[in-house]
Amino acid sequence: MAPDSPTRQGGVALITILLLLTVLATLAIYSAEEQDLTIRRISNLVTAEQGYQVNLSGEQWVVKVLEADMESDLSNVSSDRTAVDHAGEIWGNLGPPVEVGETSMTLWMLVEDQQARINVNNLLQGLDPASSSGTGEESGETGSGDDTDPEQVETNEGETIVESGDTGDEEEEEPVLWFQIVRNLFAGLGINPDLVAPLLDWVDPDESPVGTTGAEDLHYTGLELPYRTANRQMASIAEMALVRDFDARTIAALLPWISALPLATSGDTLSVNVNTAPARVLAAFGRDQPLDPESLIPLVERRQGAPFYSLDEFRDEFEVLAPGGLVRGYENMLAVSSQFFAGRSCASAGEVKFSMTSLMQKSAADRNVKVIQRERFFGCPDFPDLGTEGQ
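Residues numbered from 1 in each chain as written. Predicted model: local features only at pLDDT ≥ 70, side-chain atom pairs only at ≥ 80, totals over all residues. Heavy atoms only, no water.

**Student:** Help me get a handle on the packing of helix α7 (residues 297-305) against helix α8 (residues 311-321), residues and values and all.
**Tutor:** Look at α7 against α8: their axes get within 9 Å of each other, and the N-to-C directions meet at 145 degrees. Our pair here, α7 against α8, has a crossing hand that is right-handed. Of α8, the residues touching α7 (which contributes Pro298, Leu299 and Arg302) are Glu313, Phe314, Glu317, Phe318 and Leu321. (Axes fitted to C-alpha atoms, helices over the stretch in contact; angles between N-to-C directions. Helix = DSSP H or I, 4+ residues; strand = E, 2+ residues; numbered from the N terminus. Left-handed = near helix turned anticlockwise from the far one by under 90°. Contact = heavy atoms within 4.5 Å.)

What follows is the structure in structure tokens.
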């Protein structure tokens, strides 16, 4: 056969065509796969945005519910009746999930009173240098640290007289600080109470470790991956993962009982609402420690149908169940109403779920509810059973 015969040329052309078809087919398949991925990506983005907007609608729903509840409370306030917040109000049960318009999404909503928990930023209480009280961690005392009896003075003639008119045999007990309340909570949960020291160091503005278990920059900058203490209020409980000796198990054990709520100034504190706080939290305020939360279950059950309208009413009920009574200074630590609530929403479309937690603050002065923080998540955590309040 001649080198340039028509038959040989036809074979080369056929092989070339086959190669081109193979390349084109490969490109077509690749292009189809890319197009499919792009379509799925866009679909996921649209679904995620739709889920976010549905969660925002749930957030506004909660805002309106809390505003209506606040208006109702304020309209019923009188000289012998104060505003209260309790789980029996409309915000405590928003009903079953609802189908949202034409979105094919289902929305679950839950409102939680954040002042049913102990605010870790309350640990900043008593840090004012002018304050006569401290945490007691370094000095080992809860008093002012003055060795002179404040009830007695010595005259020029060497006589000792009692100024207050009593015998001077008993010293007035100092109010308990939040530092001790948080220690009580930790101990009740089986967590080492000494962990409260590095937690306080994380939020306090100084660089002096509390006691022997505290931790400031000197500790954290010596780690393999160094960082510094925040030295400010904790913005989220997630920050606890950075605090010395706080592992995942410890944080998980604390999550149902603590919060991280903003304070206007470091000298402020946020009270715990006795109408919503679980028995475990209330037990931390007992004068006699440890106090078994089980002993307070009758109190929790009683308030479901008849909330407490005053701390005196709560104190009397508490003392029946816990004869030791409440810690000194409880009046500045407990309340019957709340400012901060968390609206938790879950938008579900089949297997795809998006959730959002919105921290809200009620303002009686402005008569409104403001959203001050949002956290978005993929997936939806199981909502707690509100039929039985935590123990």
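**Student:** Quick rundown of the pairing of strand β2 (residues 105-113)? Include the residues and the values.
**Tutor:** Burial analysis of β2 places 8 of its 9 residues in the buried class, which makes it a mostly covered element. Bridge analysis of strand β1 (residues 98-100) against β2 gives 3 bridges, and the strand direction is antiparallel. Note on β2: the bridge partner recorded for Val98 is Leu107. Linking two consecutive strands that pair antiparallel, namely β1 and β2, is a turn of 4 residues; a positive phi of about 45 degrees is found at Gly101 within it. Bridging between β2 and strand β9 (residues 340-349) involves 8 bridges; their strand directions are antiparallel. If you follow Leu107 over to β9, its bridge partner there is Ala347. (Buried < 20%, exposed > 50% of the residue type's maximum accessible area, 1.4 Å probe, protein only. Pairing = 2+ DSSP bridges.)

**Student:** Outline the pattern of salt bridges, supporting the account with residue identities and numerical values.
**Tutor:** Applying the stated criterion across every chain, the model contains 14 salt bridges. A salt bridge links Arg302 to Glu313; the nearest nitrogen and oxygen atoms lie 2.6 Å apart. You can see Arg302 sitting in helix α7 and its partner Glu313 sitting in helix α8, a full 11 residues away along the chain. Relative accessible area serves as the criterion here: at 27%, Arg302 is assigned to the partly exposed category. Between Asp312 and Arg315 there is a salt bridge whose closest N-O contact spans 3.3 Å. Highlighted residues: Asp312 and Arg315, both in helix α8, separated by 3 residues, approximately one helical turn. Classification of Arg315 by relative accessible area gives partly exposed; the value is 24%. In this structure, a network of salt bridges that share partners links the residues Asp69, Asp85 and Lys362. (Salt bridge = Lys/Arg side-chain N within 4 Å of Asp/Glu carboxyl O.)

**Student:** I'd like to hear about the side chain of Glu89, residue by residue, with values.
**Tutor:** Positionally, Glu89 belongs in the loop between α1 (6-75) and β1. One buried charge, Glu89, has no salt-bridge partner; the nearest side chain with opposite charge is Lys362, at 6.0 Å. Looking at Glu89, its side chain comes within polar contact range of the side chain of Trp91, at 2.9 Å. (Lys, Arg positive; Asp, Glu negative; His and termini not counted. Polar contact = N/O pair within 3.5 Å; in protein donor to acceptor, adjacent residues only side chain to side chain.)

**Student:** Break down the pairing of strand β10 (residues 352-363) for me, citing the residues and quoting the values.
**Tutor:** Both β9 and β10 contribute to a ladder of 10 bridges, which runs antiparallel. By the bridge assignment, Cys346 is partnered in β10 with Ser355. Taking the residues between adjacent antiparallel strands as the criterion, β9 and β10 are bridged by 2 residues, where Gly350 takes a positive phi near 70 degrees. Across 10 bridges, the pairing between β10 and strand β11 (residues 368-378) is antiparallel. Note on β11: the bridge partner recorded for Lys362 is Val369. Hairpin geometry of β10 and β11 is characterised by an intervening segment of 4 residues between the two adjacent antiparallel strands and by a positive phi of about 55 degrees at Arg367.

**Student:** Quick one: what's the story with a nonpolar patch on the surface, residue by residue and with numbers?
**Tutor:** A surface patch of nonpolar side chains, amounting to about 680 Å² of accessible area, comprises Leu14, Ile17, Leu18, Leu21, Val23, Leu24 and Leu27. By the secondary structure assignment, Leu18 is in helix α1. (Patch = residues over 30% accessible without salt bridge, like charges linked within 9 Å, V, L, I, M, F, W, Y side chains within 5 Å. Areas by Shrake-Rupley, 256 points an atom, 1.4 Å probe, with all protein chains shown as cover.)

**Student:** Mind laying out the environment of Gly88, listing which residues take part and the relevant values?
**Tutor:** Residue position: Gly88 is located in the loop between α1 and β1. On the basis of relative accessibility, which here comes to 58%, the residue Gly88 falls in the exposed class. Taking C-alpha positions, Gly88 is 6.5 Å from Gln304, a pair spaced 216 residues apart along the chain.

**Student:** So what's going on with the packing of aromatic side chains? Residues and values would help.
**Tutor:** If you walk through the whole model with that rule in mind, you get 9 aromatic pairs. Between Trp202 and Tyr227, the aromatic rings sit 6.4 Å apart at their centres with planes inclined by 70 degrees, giving edge-to-face as the arrangement. Taken as a pair, Trp202 in helix α3 (residues 196-203) and Tyr227 in the loop between α4 (217-220) and α5 (248-254) lie far apart in primary sequence, 25 residues in all. A cation over an aromatic ring shows up here: Arg376 above the ring of Tyr52, its NZ or CZ 3.8 Å from the ring centre. (Phe/Tyr/Trp six-rings, centres within 6.5 Å; stacked < 30°, edge-to-face > 60°. Lys NZ or Arg CZ within 6 Å of the ring centre and 35° of its normal.)

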